Amino acid sequence: MIRSGKGWPNDNRRPGINPPENFGAMSIGYRVKVGSQRSVVFILGKHGEYLVNNEDIEAFDPTTSGPRTDPKICLSCHRLKNLSEFPLNQNNRRGPITRPRCKECYVLESGPPLSNRVKESFKESVGAPDQGDCWQCPVCRKITIANVTANLVVDHDQERRQPRGIICDSCNTGLGRFKNGENHLQNALDYLQECESRN
Ligand SMILES: [Zn+2]
Ligand SMILES: [Zn+2]
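Residues numbered from 1 in each chain as written. Chains lettered and ligands numbered in written order. Predicted model: local features only at pLDDT ≥ 70, side-chain atom pairs only at ≥ 80, totals over all residues.

**Digging into the overall build of the protein**
Logical step 1: Within the protein one finds four helices and 13 strands.
Logical step 2: Relative to the globule expectation of 16 Å for 199 residues, the C-alpha radius of gyration of the protein, 22 Å, shows a markedly less compact shape.
Logical step 3: The C-alpha extent of the protein, read off along each of the three principal axes, is 70 × 45 × 35 Å.
Logical step 4: Every one of the 199 residues in the protein was classed for burial, and the buried ones make up 19%.
Logical step 5: Contacts in the protein between residues far apart in sequence, at least 24 positions, make up 38% of those at least 6 positions apart. (Helix = DSSP H or I, 4+ residues; strand = E, 2+ residues; numbered from the N terminus. Rg over C-alpha atoms; globule rule 2.2 N^0.38 Å. Buried ≥ 20, exposed ≤ 12 C-beta atoms within 10 Å, placed from the backbone. Contact = placed C-beta atoms within 7 Å.)

Listed below in structure tokens is the structure:
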């Protein structure tokens, strides 16, 4: 763990001449190579290697962080943060639980939600089903009763901040998990095909 959150990208930029980059206090990293003064550390939140002064590196057991521990490691920035820096998700049997991403990362990644006005005018423009209508989700193709057996949501493109379509709640969560615009859906298909071809 790098408490100072400072180091030099490991790309031949000379430490001591260039000021260190700040990748975030309490960043979690894995030491790749030990040097006499500095070590090469893979900083998870940056997906890259940094040269870090040895005295800035603290041993930390990542298995001591869990969904309910305080502090805990954020899934996105991979910094150790106080539990109060994570948004509450929901209550389960063992009480409230926080989201895996810290508040800062959560806002950065999900962006601000669409306003109700934008959602309503979009629904009108595409002729969204009324509550109780028989409806088919364009993603999972499941036929359900609108807002009775499945909740309908206005899916939107986070970058362009524009509605894309109406899909079921469960598919909306699924797309979010697969990170919309990135290649994760294709990666998932490739992975499944590769597993299939091994059988
Ligand atoms: Zn974070
Ligand atoms: Zn669906």
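**Some words on the domain arrangement of the protein**
Logical step 1: When cut into domains, the protein gives domain 1 (6-56), domain 2 (62-110) and domain 3 (116-177).
Logical step 2: When each unit is reduced to the centre of its C-alpha atoms, the spacing between domain 1 and domain 2 is 25 Å.
Logical step 3: Looking at the side of domain 1 that touches domain 2 residue by residue, the class counts come to four nonpolar, three polar and no charged. (Domains from an automatic or database assignment. Nonpolar A, V, L, I, M, F, W, Y, C, P; charged D, E, K, R; others polar.)

**A look at the pairing of strand β12 (residues 152-157)**
Logical step 1: Here β12 pairs with strand β13 (residues 162-168) via six bridges, running antiparallel. Counted as the bridge partner of Val154 is Ile166 from β13. (Pairing = 2+ DSSP bridges.)

**Looking at the sheet that holds strand β1 (residues 6-9)**
Logical step 1: With antiparallel pairing, the five strands of this open sheet are ordered in space as β2-β1-β5-β4-β3. Two strands lie at the open edges of the sheet, namely β2 (21-22) and β3 (29-33), each paired on one side alone.
Logical step 2: Where β1 and strand β5 (residues 48-53) come together, two bridges link them in antiparallel fashion. Pairing of Trp8 across the sheet is with Leu51, part of β5.

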